[in-house]
Each structure stands twice: as structure tokens, then as C-alpha cells.
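# Structure at a glance
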Amino acid sequence: DAGVIQSPRHEVTEMGQEVTLRCKPISGHDYLFWYRQTMMRGLELLIYFNNNVPIDDSGMPEDRFSAKMPNASFSTLKIQPSEPRDSAVYFCASSLEYLKTQYFGPGTRLLVL
Amino acid sequence: AQSVTQLDSQVPVFEEAPVELRCNYSSSVSVYLFWYVQYPNQGLQLLLKYLSGSTLVKGINGFEAEFNKSQTSFHLRKPSVHISDTAEYFCAVILGFQKLVFGTGTRLLVSP
């Protein structure tokens, strides 16, 4: 298995632009998680899905952030409009069950200028 | 309230020395504990986990951790570290049936 796949690996954009991060979970995994990692706040859970349905989005910082999972093999995290404080590494992870091991993707390093 | 605490932000050690990375969590009836490692510019990788059963858990790369309910701790240990163990280590917990929460991380620096 190729593991969790994220794209792009790096994204540099200007303030106000729309940013879309993509994730392909491991096949057969029913749970998908989006995390954000910054020096100041560490690793934060933004949102997670079970069987393509969003279960807990309490970690989404504000309405500029949205996440979708149209099917079992694809999810997006969108920021519109982006701001410099959104600069971070965004990780996607997937797992078979909620308490089972989460497998992380390599992350997308986002820089908003 | 912080669910998981990693008191040491950085731990410098010499190669082949033993190391312990500390992790304490908020008390709960049910708890599930994890240690993840993050190498530079990479995603997180599971080292080991405790869900139930034996309190001594062995993981990959020679690491082990012991679940201590009375002290609400889950410290990570390795008897002899290598240069390649230099990385950031994250303790994570699920308390009750809530979401996975990560500690702030401990940077392990192994020098020759």
C-alpha cells in the first residue's frame, strides 16, 4: 500500500487566495483526520470523518476553513481566503477504526505571504 | 485542561546512552496511549501504543513504554540510542471516547 497520499507537498500563495489541500487515505480505512502543526500550537486536530461523514469539526479555526470527503478515497481541506497566520504544515491521517493506529501522510507545508 | 503533558521540550543525549521521554496524562476511567515519532520534514509514524493488557509495551526501533495508572504516566524509553533516533517524539492520548490529543512534543537530540 502506498500509504496516505497528500498533495501538494509544498504550497506558497499570497494572502487572500484560495488554497486547496488534497488527501487520499489508505484503502479500506473508514476514518480520515486533518491536522495542523505549528510551532506555537503544536499538532491540532481540525476535523475528522467516518465513512465520508464529518463527525467532529470543532477544531476548524474559523469559517474560512472547510473540508469535504466526497468519496472514500478522497478528501479536501480548503482555506478561502487564506491569511499569513494559516501558514503551517497540514497533515492528513487515516485509520481502520477510531481507536486503531492513525497513519499519517507526509504533510503539506503551506506558506501564505 | 491539558489532557497530555510532555514536560521536556528537548532532551540531549550521547549516542549509546539510555533515554527516557516523559509523558503524563489527565486521569480518566478509560485511556488509550500512543507514542509517535516525527523525523525532519516527514509525517508522524507510530512507535507504539497501549490499548489494554500488559502495561509494558514494546514498539519499533527498540523503544518501549510503560503504562503506569497510579502515576498517570506513559514514559518512553530506549536502553541505547543511535544518531538516527534524533527526531521529535509525540505522546498522544484518547481519554474516555474523545478525540486523540497530542502533547507538545519532545525533541531528542543524539550526539556522537
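Summary of the structure given here.

Cut-offs and rules
- Residues numbered from 1 in each chain as written.
- Chains lettered and ligands numbered in written order.
- Predicted model: local features only at pLDDT ≥ 70, side-chain atom pairs only at ≥ 80, totals over all residues.
- Heavy atoms only, no water.
- Helix = DSSP H or I, 4+ residues; strand = E, 2+ residues; numbered from the N terminus.
- Rg over C-alpha atoms; globule rule 2.2 N^0.38 Å.
- Buried < 20%, exposed > 50% of the residue type's maximum accessible area, 1.4 Å probe, protein only.
- Contact = heavy atoms within 4.5 Å.
- Areas by Shrake-Rupley, 256 points an atom, 1.4 Å probe, with all protein chains shown as cover.
- Lys, Arg positive; Asp, Glu negative; His and termini not counted.
- Charge placed at Lys NZ, Arg CZ, Asp CG, Glu CD.
- Phe/Tyr/Trp six-rings, centres within 6.5 Å; stacked < 30°, edge-to-face > 60°.
- Pairing = 2+ DSSP bridges.
- Polar contact = N/O pair within 3.5 Å; in protein donor to acceptor, adjacent residues only side chain to side chain.
- Core = buried A, V, L, I, M, F, W, Y, C linked by side-chain atoms within 4.5 Å.
- Salt bridge = Lys/Arg side-chain N within 4 Å of Asp/Glu carboxyl O.
- Disulfide = S-S within 2.5 Å.

### Remarks on the overall build of chain A
Along chain A, the regular secondary structure elements total zero helices and 11 strands. Put simply, chain A runs from its N terminus to its C terminus through helices and strands in the order β-β-β-β-β-β-β-β-β-β-β. Relative to the globule expectation of 13 Å for 113 residues, the C-alpha radius of gyration of chain A, 13 Å, shows essentially globular dimensions. In terms of overall dimensions, chain A has C-alpha extents of about 35 × 25 × 25 Å along its principal axes. Counting the 113 residues in chain A, one finds 48% classified as buried. Considering only contacts in chain A between residues 6 or more positions apart, those separated by 24 or more positions represent 54%. When the accessible surface of chain A is summed, it comes to about 5,600 Å², and 51% of that surface belongs to carbon and sulfur atoms. Charged side chains of chain A number 11 positive and 13 negative; the gap between the two group centres comes to 4 Å.

### Re the packing of aromatic side chains
Within the structure shown, the criterion is met by 18 aromatic pairs over all chains. Ring geometry for phenylalanine 33 of chain A and tyrosine 48 of chain A: centres 5.4 Å apart, planes at 25°, overall stacked. You can see phenylalanine 33 of chain A sitting in strand E4 (residues 31–38) and its partner tyrosine 48 of chain A sitting in strand E5 (residues 42–50), a full 15 residues away along the chain. The buried category is assigned to tyrosine 48 of chain A, whose relative accessible area is 10%. In this structure an aromatic cluster arises from ring pairing among Tyr31, Phe33, Tyr35, Tyr48, Phe91, Tyr98 and Phe104 of chain A together with Phe34, Tyr36, Phe90 and Phe102 of chain B.

### Examining the pairing of strand E6 (residues 44–50) of chain B
Burial of E6 of chain B is extensive: five of the seven residues sit out of reach of the surface. If you look at the hairpin formed by strand E5 (residues 31–38) of chain B and E6 of chain B, you'll find five residues sitting between the two strands, and asparagine 41 of chain B has a positive phi there, around 60°.

### Examining the side chain of glutamate 64 of chain B
Residue and element names in this part refer to chain B. By the secondary structure assignment, glutamate 64 is in strand E8 (residues 64–68). Among the polar contacts listed, one links the side chain of glutamate 64 to the side chain of lysine 58, at a separation of 2.8 Å. Setting aside residues up to four positions removed in sequence, glutamate 64 forms contacts with Leu48, Leu56, Val57, Lys58, Gly59, His75, Leu76 and Arg77.

### Some remarks on the nonpolar core
Residues and elements named next belong to chain B. One finds Trp35, Leu48, Phe74, Leu76 and Tyr89 to be the most contacted residues of the largest nonpolar core, which totals 29 residues. Elements that contribute at least two residues to this core include exactly strand E2 (10–14), strand E3 (19–21), E5, E6, E8, strand E9 (73–78), strand E10 (87–95) and strand E12 (106–111). When residues of this core are assigned to their parent elements, the largest contribution, five residues, is made by E10. With near-sequence residues (within four places) excluded, tyrosine 89 lies in contact with Gln6, Leu21, Trp35, Tyr36, Val37, Leu47, Phe63, Leu76, Gly105, Thr106 and Leu108.

### Comments concerning the environment of serine 73 of chain A
Residue and element names in this part refer to chain A. Inspection of the secondary structure puts serine 73 in the loop between strand E7 (65–71) and strand E8 (74–79). Separated by 43 residues in the primary sequence, serine 73 and aspartate 30 have C-alpha atoms spaced 9.8 Å apart. Among all residues touching serine 73, those that are not within four sequence positions of it are Cys23, Lys24 and Pro25. Among the polar contacts listed, one links the side chain of serine 73 to the side chain of asparagine 71, at a separation of 2.9 Å.

### Examining the pattern of salt bridges
Across all of its chains, the model carries 15 salt bridges over all chains by this definition. With its nearest N and O atoms 2.7 Å apart, the salt bridge here joins glutamate 44 of chain A to arginine 41 of chain A. By relative accessible area, which is 16% here, glutamate 44 of chain A ends up buried. With a closest N to O distance of 2.9 Å, glutamate 88 of chain B and arginine 107 of chain B form a salt bridge.

### Describing the state of the cysteines
Following the criterion strictly, the structure yields two disulfides over all chains and no others. Residue pairing for cysteine 23 of chain A: its cysteine sulfur links by disulfide to cysteine 92 of chain A, the two sulfurs lying 1.9 Å apart. Across the S-S bond linking cysteine 23 of chain A and cysteine 92 of chain A, the dihedral sits near -65°, which makes this disulfide left-handed. Residue cysteine 23 of chain A is located in strand E3 (residues 19–24), and its partner cysteine 92 of chain A is located in strand E9 (residues 88–95); the two are separated by 69 residues in the primary sequence. Assigned by exposure class, cysteine 23 of chain A and cysteine 92 of chain A land together as buried. A sulfur-sulfur separation of 1.9 Å characterises the disulfide bridge that pairs cysteine 23 of chain B with cysteine 91 of chain B. Sign of the S-S torsion, about -65° for the bond between cysteine 23 of chain B and cysteine 91 of chain B, identifies this disulfide as left-handed. With cysteine 23 of chain B in the loop between E3 and strand E4 (24–25) and cysteine 91 of chain B in strand E10, the pair connects residues that are 68 residues apart, well separated along the chain. For cysteine 23 of chain B, a relative accessible area of 0% translates into the label buried. Exposure remark for cysteine 91 of chain B: the relative accessible area of 0% places this residue in the buried category.

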